[in-house]
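Descriptive analysis of the structure
Given next are the chains, with one letter for each unit.
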Amino acid sequence: MESVFGLVGKDFAIVVADSSAVHSILVHKTNEDKIMVLDSHKLMGASGETGDRAQFTEYIQKNVALYQFRNGIPLTTSATANFTRGELATALRKNPYMVNIILAGYDKETGPSLYYIDYIASLHKLDKAAFGYGSYFALSMMDRHFRKDMTVEEAIELVDKCIVEIRSRLVVAPPNFVIKIVDKDGAREYAWRQSIKDGQVLAA
Amino acid sequence: MMKIDFSGLDPAAPIKGRTDELCGDILATPSFALPTTHDFDGFQKAAVQMVKPAKGTTTLAFIFKDGVMVAADSRASMGGYISSQSVKKIIEINPYMLGTMAGGAADCQFWHRNLGIKCRLHELANKRRISVAGASKMLSNILYSYRGMGLSVGTMIAGWDEKGPGLYYVDSEGGRLKGTRFSVGSGSPYAYGVLDSGYRFDLSVEEAAELARRAIYHATFRDGASGGVASVYHVGPNGWKKLSGDDVGELHYMYYPVEPTTVEQEMTEVSVA
């Protein structure tokens, strides 16, 4: 079961996700990127069924881009979160998407924000959130050590504490994690935490 | 032979079990024979499940410096019955792209053919070949739209396009993974072990073909649902080429020839005294 978690710091938000692609007992890939960059200042980390995860997050990404093309201004994080929740809710009673989402974004007016959206379309604006088996360990770690307005270094320390805990206590612990950050300078990949390196992806 | 027990329903049946030969059948409660199974109610469901196409196969593909090596076995099984030993599980989508088959044979063949058509239409409309990423995305979107309707497809799309060699894993749940080494099917864990331990990016074509062949052989050795012929294809800059198709039984004796053992005791004729 895939772990995704995130937290909000002083002027930034961080989303962390594991990077294994698993089918029953087989690990197909250990460097799968599950945190989609929706636009310049938004990150969407998703966990759930493989097909649904990729298709749904891409669908949200394209709709966010479409809004910007049509209206000339980007969506706020709050609007994106509510749009995403609306899409999940509409599909819920017909053809549900089995995806859990942590949406993080930075808006000029309101600063960083984090939204927890689960597969049955509940939406919560939070400072810290987690999904998957890893959440059993990450949530308590974050509850214990989180403070408002942490710096990037302090937040990464906390993230690493959570990753270490997941790796050491979870029986089917994912070996690798990807960390992405969003702040006033935009949404970008921050680091990987790898304990198993996948086969090198060749250059063309 | 188990007979279904209606004695509880029939009050006129003799309570004492003893029936003698002459009137035994007349007085006995009417009943009919059941098939000899432990679990009659679950039996029918199990029979249907047995015949359903499970991903009983071994296919693998990996990228190395000279392109993509694709290999597969050729056995088709329906539960415990081997229905064919000569199934083509590597499907030629177009001269520079291959697809592998795992899951329902009809589903894989049909959708790969369909993908080939769509790729050709793309070529005609855009005056250039479609990329491996594009082709795999088309297939993935099609399969996603049929989610939950019972398609069973676990395929790898391998090809060489402008970006060089490309390999994608696509399945009927709508998943699509880009990678450098994949194995799909019931024999895939066995193949992964041999493949992972022998893999280097800078293998030559012959070494890579031998690695692929060996991995398929080991999977067919341990997995009952895989067997037949190990086919190996290579996708290079000028398209795909079939390198070999060896019967896995013959491969076994090639890899592990029979050692002539010394005879400990030999029976000889005893001369009649």
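What this report covers is the structure whose coordinates are included nearby. (Residues numbered from 1 in each chain as written. Chains lettered and ligands numbered in written order. Predicted model: local features only at pLDDT ≥ 70, side-chain atom pairs only at ≥ 80, totals over all residues. Heavy atoms only, no water.)

Residue and element names in this part refer to chain A. Relative to the 32 Å expected for 22 residues at 1.5 Å per residue, helix α1 (residues 50-71) spans 32 Å between its end C-alpha atoms, a close match to the ideal helical length. Taken together, the buried positions of α1 are occupied by G51, D52, R53, Q55, F56, T57, I60, Q61 and V64. A positive backbone phi angle near 80° is found at G72, which sits one or two residues after α1. (Helix = DSSP H or I, 4+ residues; strand = E, 2+ residues; numbered from the N terminus. Expected span 1.5 Å × (residues − 1). Buried < 20%, exposed > 50% of the residue type's maximum accessible area, 1.4 Å probe, protein only.)

What follows concerns a nonpolar patch on the surface. All names here are of chain A. A cluster of nonpolar side chains, contributed by M1, Y133, Y136, V171 and V172, occupies part of the molecular surface with about 640 Å² of accessible area. Assignment of secondary structure puts V171 in the loop between α4 (152-169) and β11 (177-183). The exposure class of V171 is exposed, given its relative accessible area of 78%. (Patch = residues over 30% accessible without salt bridge, like charges linked within 9 Å, V, L, I, M, F, W, Y side chains within 5 Å. Areas by Shrake-Rupley, 256 points an atom, 1.4 Å probe, with all protein chains shown as cover. Salt bridge = Lys/Arg side-chain N within 4 Å of Asp/Glu carboxyl O.)

In this structure, P74(A) sits in the loop between α1 and α2 (77-92). It is 29 Å that separates the C-alpha atoms of P74(A) and S19(A), two residues lying 55 residues apart in sequence.

This part covers the packing of aromatic side chains. In the structure shown here, the tally under the stated rule is 11 aromatic pairs over all chains. Ring geometry for F62(B) and F64(B): centres 6.0 Å apart, planes at 55°, overall tilted. Taking 4.9 Å as the distance between ring centres and 90° as the angle between the ring planes, the aromatic pair formed by F110(B) and W111(B) counts as edge-to-face. Between K125(A) and the ring centre of Y115(A), over which it is positioned, the NZ or CZ distance is 6.0 Å. One Lys or Arg, R214(B), reaches over the ring of Y255(B) and ends 3.8 Å from the middle of that ring. (Phe/Tyr/Trp six-rings, centres within 6.5 Å; stacked < 30°, edge-to-face > 60°. Lys NZ or Arg CZ within 6 Å of the ring centre and 35° of its normal.)

This next bit is on the sheet that holds strand β7 (residues 99-107) of chain A. All names here are of chain A. Taking strand neighbours across the sheet as the criterion, the five strands line up as β5-β6-β7-β8-β9 in an open arrangement whose pairing is antiparallel. Each of the sheet's edge strands pairs with one partner strand only, and the pair in question is β5 (35-39) and β9 (123-126). Each adjacent strand pair in this sheet contributes to an overall mean axis angle of 25°, direction not counted. With seven bridges joining them, β7 and strand β8 (residues 111-117) adopt antiparallel strand pairing. Considered in β8, the bridge of I101 is made with I117. Running at roughly 15° to β5, α1 makes contact with β5, β6 (42-48) and β7 of the sheet. (Pairing = 2+ DSSP bridges. Axes fitted to C-alpha atoms, helices over the stretch in contact; angles between N-to-C directions. Contact = heavy atoms within 4.5 Å.)

A few words now on the layout of surface pockets. Residues and elements named next belong to chain A. The computed volume of the second largest pocket comes to approximately 620 Å³. In terms of lining, the second largest pocket is formed by 27 residues, of which the most central are M1, E2, S20, V22 and H23. At the level of elements, β3 (21-23), β4 (26-29), β6, α1 and β7 are the ones that each hand at least two residues to the lining of the second largest pocket. If you tally residues by element for the lining of the second largest pocket, the top one is β3, at three residues. In terms of residue class, the lining of the second largest pocket is built from 14 nonpolar, eight polar and five charged. (1 Å grid on protein atoms, 1.4 Å probe; cavity = no way out; pocket = protein on both sides within 12 Å on 5 of 7 lines; lining within 4 Å. Points joined across faces, edges and corners; volume = space filled by probe spheres on them. Nonpolar A, V, L, I, M, F, W, Y, C, P; charged D, E, K, R; others polar.)

Once that is clear, we can look at the interface of chain B and chain A. Listed by partner, the interface residues are 26 residues for chain B and 20 residues for chain A. Buried area between chain B and chain A, summed over both chains or domains, comes out near 1,700 Å², and the portion from carbon and sulfur atoms is 56%. Of all residues in chain B, the largest losses of buried area upon contact with chain A belong to Y144(B), R147(B) and L177(B), amounting jointly to 29% of the total for that side. Between the two partners, chain B and chain A, sit three salt bridges. K137(B) is the salt-bridge partner of E58(A), the closest N and O atoms lying 2.7 Å from each other. Applying the counting criterion to the chain B and chain A interface returns eight residue pairs in polar contact (both at pLDDT 80 or more). Sorting the residues of the side of chain B that touches chain A by element identifies β1 (59-64), α4 (132-145), β8 (164-171), β9 (176-178), β10 (181-184) and α5 (188-198) of chain B as the ones contributing at least two each. (Buried area = accessible area lost by both parts, 1.4 Å probe. Polar contact = N/O pair within 3.5 Å; in protein donor to acceptor, adjacent residues only side chain to side chain.)

A few words now on helix α7 (residues 248-255) of chain B. Residue and element names in this part refer to chain B. For α7, the set of buried residues is V248, L251 and Y255. End-on view of α7: buried residues confined to an arc of 50°, all on one side of the axis. Facing away from the buried side of α7 by more than 90 degrees, the exposed set consists of E250 and Y253. If you follow the buried residues of α7, they end up packed against α6 (205-222), β11 (229-236) and β12 (239-247). Put simply, D247 is the residue that caps the front of α7, since its side-chain oxygen is 2.7 Å from the backbone nitrogen of G249. (Arc of directions from axis to C-beta.)

Here the focus is the packing of helix α3 (residues 105-126) of chain B against α4(B). Residues and elements named next belong to chain B. Packing of α3 against α4 leaves a shortest axis separation of 10 Å and a crossing angle of 130°. Taken together, the axes of α3 and α4 are oblique relative to one another. In the crossing of α3 with α4, the sense of the turn from one axis to the other is right-handed. Of the residues in α4, those touching α3 at W111, H112, N114, L115, K118 and C119 are A135, M138, L139, I142 and L143. Of the residues contributing to the contact of α3 with α4, the split by class is eight nonpolar, two polar and one charged. (Parallel < 35°, antiparallel > 145°, perpendicular 65-115°, else oblique. Left-handed = near helix turned anticlockwise from the far one by under 90°.)

So, about the side chain of D161(B). Residues and elements named next belong to chain B. As for its position among the elements, D161 is in strand β7 (residues 154-161). A polar atom in the side chain of D161 sits 2.9 Å from the backbone nitrogen of K163. Residues contacting D161, with those up to four places away along its chain left out, are S131, V132 and A133.

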